[in-house]
Amino acid sequence: MNKDNYIPQPIDTSKVELPETLNPLVEALAKNVHEVWAQSRISQGWSYGAERNDELKQHPCLVPYEELPEVEKDYDRNTALETLKLILKIGFKITK
């Protein structure tokens with residue numbers, strides 16, 4: 001496979017609408033996505049830094065989820081949202 005020609009083809013979930021009752025689940029998943037990412041970075045030797053510096057392994061998002069800028073929270077929320085929409089799209093049900 002030629003990596004230069006890779007074209008992502010995610011499953012189309014654009015017509016899937018999540019019920020509002022799943023909003024707390026979206027937020028819980030988003031927070032956990034951040035926690036997993038942060039734990040991985042820290043285990044790789046990264047630490048907090050006011051600006052991202054790959055050489056020093058510093059990142060401004062190595063803070064609790066609640067302290068992230070809204071744009072970063074939105075990134076994590078989108079990951080959670082798309083995951084839940086895929087679950088529904090492929091026929092699974094989400095119940096509590």
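Note: the structure precedes this text.
Here, residues in each chain are numbered from 1, in the same order as that chain's written sequence. Only residues with pLDDT of at least 70 get local features here, since the model is predicted, and only at 80 or more are side-chain atom pairs given and counted; chain-wide, interface and lining totals rely on the full set of residues. No hydrogens and no water enter the side-chain calculation; it runs on all heavy atoms of the structure.

**Some words on the layout of surface pockets**
Applicable threshold: Of the two site types, the cavity is a set of points on a 1 Å grid over the protein atoms alone where a 1.4 Å probe fits but cannot get out, and the pocket is an open set with protein on both sides within 12 Å along at least five of seven lines, each lined by residues with an atom within 4 Å of a point. Grid points are joined across faces, edges and corners, and a volume is the space filled by probe spheres set on the points. Helix and strand assignments come from DSSP, with helices taken as H or I runs of at least 4 residues and strands as E runs of at least 2, each series counted from the N terminus. When residue character is reported, Ala, Val, Leu, Ile, Met, Phe, Trp, Tyr, Cys and Pro are called nonpolar, Asp, Glu, Lys and Arg charged, and the others, Gly included, polar.
The space that makes up the largest pocket amounts to roughly 170 Å³. Val33, His34, Trp37, Arg41, Arg52, His59, Cys61, Leu68, Glu72, Tyr75, Asp76 and Thr79 are the residues that line the largest pocket. Those elements giving two or more residues to the lining of the largest pocket turn out to be α1 (23-43) and α2 (70-89). Split by residue class, the lining of the largest pocket holds five nonpolar, three polar and four charged.

**Some thoughts on the environment of tyrosine 48**
Operational definition: A 1.4 Å probe rolled over the protein chains alone gives each residue an accessible area, and that area as a share of the maximum for its type sets the label: buried under 20%, exposed over 50%, partly exposed in between. Note on definitions: a residue-residue contact is assigned when non-hydrogen atoms from the two residues lie within 4.5 Å.
Looking at the secondary structure, you find tyrosine 48 in strand β1 (residues 47-48). Owing to a relative accessible area of 47%, tyrosine 48 belongs among the partly exposed residues under this scheme. Taking the C-alpha atoms as reference points, tyrosine 48 and leucine 18, 30 residues apart in sequence, are found 35 Å from one another. Contacts of tyrosine 48, omitting those with residues within four sequence positions, involve Gln58, His59, Pro60, Leu62 and Val63.

**A look at the environment of glycine 91**
Note that glycine 91 resides in the segment after α2. For glycine 91, a relative accessible area of 54% translates into the label exposed. With 64 residues separating them in the primary sequence, glycine 91 and glutamate 27 have C-alpha atoms 22 Å apart.

**A word on the nonpolar core**
Quick reminder of the rule: Among buried residues, the Ala, Val, Leu, Ile, Met, Phe, Trp, Tyr and Cys ones that are joined through side-chain atoms within 4.5 Å form a nonpolar core.
In this structure, Leu18, Leu22, Val26, Ala30, Cys61, Val63, Tyr65, Leu68, Ala80 and Leu84 together form the largest nonpolar core, which totals ten residues. Leaving out residues up to four positions away in the same chain, leucine 84 has contacts with Leu18, Leu25, Val26, Leu29 and Ile94.

**Details of the environment of lysine 31**
If you trace the backbone, lysine 31 turns up in helix α1. Measuring from C-alpha to C-alpha, the distance between lysine 31 and leucine 88 comes to 21 Å, with 57 residues separating the pair along the chain. Dropping the residues within four chain positions of it, lysine 31 is found in contact with Tyr65 and Glu66.

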